[in-house]
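Geometric and topological summary
Residues per chain are reported as follows:
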Amino acid sequence: QSLSKHAMSAQEEQIKYLTEATKKVKEHAFYMKRAIDANDLDTTLSLAADMLRELKTSLLTPRNYYELYMSVLDSLRHVEDFFSSLNAAGTPVVEIYEKVQHCANVVPRLYLLIAVGGVYIKSGEAPAKDILKDLIEMVKCVQYPTRGLFLRNYLSQTSRDKLPDTGSEYEGVGGNVKDAYEFVLQNFSEMNRLWVRLQHMGGDKSTRKKREKERQDLKILVGTNLVRLSQLEGVDTDCYRDVILPEILKNVVECKDTISQGYLMDCVIQVFPDEFHLATLETFLTTCTKLKEKVNIRTILQSMMNRLSLFGEGEGRIPPDLDAFRLFNDCITKILEERSNLDLAEILRLQTSLMQFALKCYPGRLDYVNYCLGMCASVLSATKSESLDETSVAEVEELLSIPLSSLALQVLDLQQYSELLTYLPYENRRQVATILVRSTLFSGGSLDSVEKLEKLFKAITPLIKDDEKESSGAPEKDEADEAALAEFKEEQTLVARLVHMMKSPDTDVQFKILSMTRKHFGQGGVKRIGHTLPPLVFAGLKLAHKVKKRELDAVKVQNKLKALKEKQEKIEQERKERQAKKAADPEYEPPGPLEDIVMPDESAIPKPPATSCRKVFQFLHEIVTAMAVSYPDLSLKLFLQSAVAADNCKFKAIAYEFMSQAFILYEDELTDSKAQLRALVLMVGTLLSCSNFEKDDYDALITKTTQYAAKLLKKPDQCRMVTLCSHLFFVGSAEDANHYHDPKRVLECLQRALKIADGCMASSAHVHLFVEILNHYLYYFELHNPLIADKYLTGLIALINEHIDSMDHGEQRTEVEGMYRNTLRHIARKKEEEETKEKFKSIVV
């Protein structure tokens, strides 16, 4: 509490000092402006000196001194303008120059001399280089750090547009670019010396902390000189390499100050152009190894690498004769050798920065990336502790994540990448694996070999398999929040999308890829397979069609070869017969030349696949069966999908097996009425899509399906599904070879549906169901089902007319009436059409 009171007291004193000094400045400035208006030089100089005398204070902190300094400079501009106007009116500047030197106090005199010096240079009465040299020598007499820094800053500001730079109006008699940069370098050297001295003005540890903060407030004053140097037009690459940079680096090294070295090295990187850095990279990096141990060398190197990386990515390119990677690596190696106390995280950051530089500037050099990873691996292997701290873990994770965006699957070719993954905890490996999968998907490549896929699965193991030390990789709904569950689903969706990238033109290789994927996905546990195995099933279905096509093509080729061989044998037999006839009768003339049969090269003949289509379906059967217990609803859909594919491939028995498995799941696992309804709709659709079942098998399947429909819990569902099942008994037209027509069973289904609908009177749904059944009757009537007679349609229409008026007015009745009107319009239209009017005329509406 006493410390806080002391701090408050010191702050109040600062405000008091600043307020009093600012008040005096404004007061002197007011009278000074009146003297300027009166064109009174002597009075103006006297009052200006009084105003500038306030800058002699040593009571203010640098931040408050800066406010006072800016207030004084605002008024000092009027003095500069006054000197210019006097010179324009005919007063020689040298006369003003001499008068100013009579000022008694050093600080005010030097500020006024700098103000006059600026006018002196602009007047051209003396060479700019002489005046600048005179001023830079005079300001040396102020050695108090704060006062000296601000005084030299004023000199830098005043002279910035008056330097004898190449192309400026002061070049020539006024000097050249050499005079310009020597002036700025000298000012920089002196300001840096003053800035460093501020740190060593005595005091205890708390005072030193305060000094460091004050120095941070003042650093821009020193850095401005480097900006001035970078703005000189006459400074080219040679001048920078041979003169300017060596002088700057000499000051940096010799000052032996941590704050100064770190700040000035960063300034050099930021203010000078990339071309200069490329020409002097070795010199700069050599200096980095000479900096004090407490200087954060990593931020300096990282800043330089980032700067050159942007240059390398843009229009410019790193010169081929400059091995920048080697230079940076040599520098880092030397630093690591000399600074044995560097912590692990900092070493990893250095290598991460070097790897980023290599990725951007040398995109084709994977050996550079692998080298950086290898260095990190060797450092980590030398670590004695069993586990890494959180900071080091985060650095390793970033190190492994960075190359993924540009390299994607190529990282799997890096020997050290997988080794580094082992140093991460399970959770961090999972994060890296997620980024790897995203990068792989974004790259748009293909996983076309078992070896490549094996490497990928090894790298993303945390996503496809639980850690042996962890209880479960998938959060339970009652144990984890929704965000964790959503994250898990997103990760598994990403893994599942990898299946769509598994593409090989060779069906045998593709089957090996899918089999190996099944092996890895199967280890993921119940929670994962619901996301990862379904896409594998669809990839297998796609493969089955390709294999079947390949088998058929191979059969066609073999048949053609067999025909060619038979033809060749016949021709050969004919040739032998002709030769025999010729031998027996020399005058025998053959009827014409025989055709020469050229057999194709065996290497060009497509071979049948090693993996048969049946084996692919067996593979699919195993996958879906493995999911059946945990995901019955999904497995049933997959069995039905597989049945359609098997039927398309003309495998009747296999298609029947898939349908049987779907029926078993329906009976054993589906208990929810809504799930049963959805499943039955799919089962009916599947059976209608298949056309190659044996008659007895098909009859058994559709009978079972109709029985399931009749046992649904809700009567309206029963009615609709039995009606739908009627279509299973009337498939295809009479001309189709595989048609199946059983008119009697169709009529039985429709009549049973009517009976069920009649029992739904309590729910007022019976009329709606009647209209739906009427539409189905019409459908079969138009298809010429012999048992669907007009009397059924007439009777059903009469039944609907009888019940529709008893319905309550409301949305449900409006819907039924609209549907019924459409049906009646359809019947009326059929009565008018020439082709159907005879058939429909007996229907009474």
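Because the structure is predicted, anything quoted here is derived from the model rather than measured.

Turning our attention to the overall build of the chain. Counting secondary structure elements, the chain contains 37 helices and two strands. A compact globule built from 845 residues would reach a C-alpha radius of gyration of about 28 Å, whereas the chain, at 47 Å, exceeds it by more than 25%. Once the C-alpha set of the chain is aligned to its principal axes, its extents read approximately 130 × 105 × 60 Å. In the chain, 72% of the contacts between residues at least 6 apart in sequence involve partners at least 24 apart. By element, 50% of the accessible surface of the chain is carried by carbon and sulfur atoms, the whole surface being about 42,600 Å².

For the rest of this paragraph, the subject is the state of the cysteines. Throughout the structure, instances matching the rule amount to zero disulfides. Cys141 provides the cysteine sulfur closest to Cys103, a residue in no disulfide bond, and the two sulfurs are 12 Å apart. Left without a disulfide partner, Cys239 is nearest to the cysteine sulfur of Cys267, which lies 19 Å away.

Running from amino to carboxyl end, helix 34 (residues 766-782) crosses helix 35 (residues 790-804) at an angle of 160 degrees, the nearest separation of the two axes being 10 Å. The angle between the axes of helix 34 and helix 35 places the two elements in the roughly antiparallel class. Between helix 34 and helix 35 lies a crossing whose hand is left-handed. Here His766, Val767, Phe770, Val771, Ile773, Leu774, Tyr777, Leu778 and Phe781 of helix 34 lie close against helix 35, whose contacting residues are Asp790, Tyr792, Leu793, Leu796, Ile797, Leu799, Ile800, His803 and Ile804. Residues that form the contact of helix 34 with helix 35 fall into these classes: 15 nonpolar, two polar and one charged.

Let us now look at the pattern of salt bridges. Across all of its chains, the model carries 39 salt bridges by this definition. Ionic pairing is found between Asp238 and Arg241, a salt bridge with its closest N-O pair at 2.8 Å. Here Asp238 and its partner Arg241 are both found in helix 10 (residues 237-255), three residues apart, which amounts to about one turn of the helix. By relative accessible area, which is 41% here, Asp238 ends up partly exposed. Here Asp553 makes a salt bridge to Lys549, at a shortest N to O gap of 3.1 Å. Linking Asp553 with Lys549, this pair stays in helix 26 (residues 526-584), spanning four residues, or about one helical turn. Through salt bridges with shared partners, one network takes in Arg298, Glu346, Arg349 and Glu395.

Now for the packing of aromatic side chains. Applying the stated criterion across every chain yields a total of 27 aromatic pairs. Arranged with centres 5.0 Å apart and planes meeting at 65 degrees, the rings of Phe328 and Phe357 form a pair that is edge-to-face. Of this pair, Phe328 sits in helix 15 (residues 324-338) while Phe357 sits in helix 16 (residues 344-361); the two residues are 29 residues apart in sequence, bridging distant segments of the chain. Phe357 carries the same exposure label as Phe328, and that label is buried. Aromatic pair Phe663 and Tyr708: ring centres 5.6 Å apart, planes at 65 degrees, arrangement edge-to-face. In this pair, Phe663 sits in helix 29 (residues 652-668) while Tyr708 sits in helix 31 (residues 695-710), placing the two residues 45 residues apart along the sequence. Of the two residues, Phe663 and Tyr708, neither departs from the other in class, the shared state being buried. Members of the aromatic cluster, joined through ring pairs, are Phe325, Phe328, Phe357, Tyr362, Tyr368 and Tyr371.

For soluble globular proteins, the rule of thumb is that nonpolar side chains tend to be buried together. Of all hydrophobic cores here, the largest spans 263 residues; its most connected members are Leu301 and Phe617. Looking at which element gives the most residues to this core, the answer is helix 5 (residues 106-123), with eleven residues. Discounting chain neighbours no more than four positions away, the residues touching Leu301 are Leu285, Cys288, Phe328, Cys331, Ile332, Ile335 and Leu350.

The next subject is empty space enclosed by the protein. Taken as a whole and judged by the stated rule, the model has one cavity of 30 Å³ or more. The wall of the largest cavity is formed by Ser156, Ser159, Leu163, Phe183, Val184, Asn187, Asn225 and Arg228. Contributing elements (two or more residues each) for the lining of the largest cavity: helix 7 (145-159), helix 8 (177-197) and helix 9 (205-230). Top contributing element to the lining of the largest cavity by residue count: helix 8, with three residues.

On to the layout of surface pockets, then. Taken as a whole, the largest pocket holds about 780 Å³ of empty space. Lining the largest pocket are 25 residues, and of these Ala10, Gln14, Thr61, Lys210 and Glu214 sit closest to its centre. Every element with two or more residues in the lining of the largest pocket is listed here: helix 1 (2-37), helix 3 (62-88) and helix 9. With seven residues, the top contributor of residues to the lining of the largest pocket is helix 9.

What follows deals with the environment of Ser189. Along the polypeptide, Ser189 turns up in helix 8. A relative accessible area of 12% places Ser189 in the buried class.

The topology assignment puts Glu667 in helix 29. A relative accessible area of 44% means that Glu667 is categorised as partly exposed. With 552 residues separating them in the primary sequence, Glu667 and Ala115 have C-alpha atoms 101 Å apart. What Glu667 contacts, discounting residues up to four positions off in sequence, is Lys704 and Tyr708. Looking at Glu667, its side chain comes within polar contact range of the side chain of Tyr708, at 2.3 Å.

Taken residue by residue, the chain gives an average pLDDT of 90. The fraction at 70 or more is 95%. Note that residues 1-5 has pLDDT below 50 and, in this model, zero contacts with residues that lie over four places away or in other chains.

This brings us to the side chain of His520. As for its position among the elements, His520 is in helix 25 (residues 507-521). Apart from residues no more than four positions distant in its own chain, His520 is found in contact with Glu454, Phe457 and Ile464.

Moving on: helix 17 (residues 366-381). The first and last C-alpha atoms of helix 17 sit 22 Å apart over 16 residues, in line with the 22 Å expected at 1.5 Å per residue. All of the buried residues in helix 17 are Tyr368, Val369, Asn370, Cys372, Leu373, Gly374, Cys376, Ala377 and Leu380. Where the residues of helix 17 are buried, they touch helix 15, helix 16, helix 18 (390-401), helix 19 (404-407) and helix 20 (415-421).

Quick look at the side chain of Ser673 now. The residue Ser673 is located in helix 30 (residues 673-689) in this model. Beyond its immediate sequence surroundings of up to four residues, Ser673 is in contact with Leu713 and Lys714.

On to helix 13 (residues 281-288). Three or more residues of helix 13 are buried, namely Leu281, Phe284, Leu285, Thr287 and Cys288. Within helix 13, the buried residues cover an arc of 155 degrees as seen down the axis, which keeps them to one side.

Now for unusual backbone geometry. Positive phi is not limited to glycine here, since Lys256 has a value of about 50 degrees. Considering the arrangement of structural elements, one finds Lys256 in the loop between helix 10 and helix 11 (258-271). Of note in the backbone geometry, His784 takes a positive phi value of approximately 65 degrees without being a glycine. Structurally, His784 is set in the loop between helix 34 and helix 35. Judged by its relative accessible area of 55%, His784 is exposed.

Taken N-terminus to C-terminus, the directions of helix 3 and helix 7 make an angle of 40 degrees; their axes are 11 Å apart at the nearest point. As the angle between them shows, helix 3 and helix 7 are arranged oblique. In terms of crossing hand, the pair formed by helix 3 and helix 7 is right-handed. Mapping the contact onto sequence places Pro62, Tyr65, Tyr66, Tyr69, Leu73, Leu76, Arg77 and Glu80 in helix 3 and Thr146, Arg147, Phe150, Asn153, Tyr154, Gln157 and Thr158 in helix 7. Of the residues contributing to the contact of helix 3 with helix 7, the split by class is eight nonpolar, four polar and three charged.

Calculation notes
- Residues numbered from 1 in each chain as written.
- Predicted model: local features only at pLDDT ≥ 70, side-chain atom pairs only at ≥ 80, totals over all residues.
- Heavy atoms only, no water.
- Helix = DSSP H or I, 4+ residues; strand = E, 2+ residues; numbered from the N terminus.
- Rg over C-alpha atoms; globule rule 2.2 N^0.38 Å.
- Contact = heavy atoms within 4.5 Å.
- Areas by Shrake-Rupley, 256 points an atom, 1.4 Å probe, with all protein chains shown as cover.
- Disulfide = S-S within 2.5 Å.
- Axes fitted to C-alpha atoms, helices over the stretch in contact; angles between N-to-C directions.
- Parallel < 35°, antiparallel > 145°, perpendicular 65-115°, else oblique.
- Left-handed = near helix turned anticlockwise from the far one by under 90°.
- Nonpolar A, V, L, I, M, F, W, Y, C, P; charged D, E, K, R; others polar.
- Salt bridge = Lys/Arg side-chain N within 4 Å of Asp/Glu carboxyl O.
- Buried < 20%, exposed > 50% of the residue type's maximum accessible area, 1.4 Å probe, protein only.
- Phe/Tyr/Trp six-rings, centres within 6.5 Å; stacked < 30°, edge-to-face > 60°.
- Core = buried A, V, L, I, M, F, W, Y, C linked by side-chain atoms within 4.5 Å.
- 1 Å grid on protein atoms, 1.4 Å probe; cavity = no way out; pocket = protein on both sides within 12 Å on 5 of 7 lines; lining within 4 Å.
- Points joined across faces, edges and corners; volume = space filled by probe spheres on them.
- Polar contact = N/O pair within 3.5 Å; in protein donor to acceptor, adjacent residues only side chain to side chain.
- pLDDT = per-residue confidence, 0-100.
- Expected span 1.5 Å × (residues − 1).
- Arc of directions from axis to C-beta.

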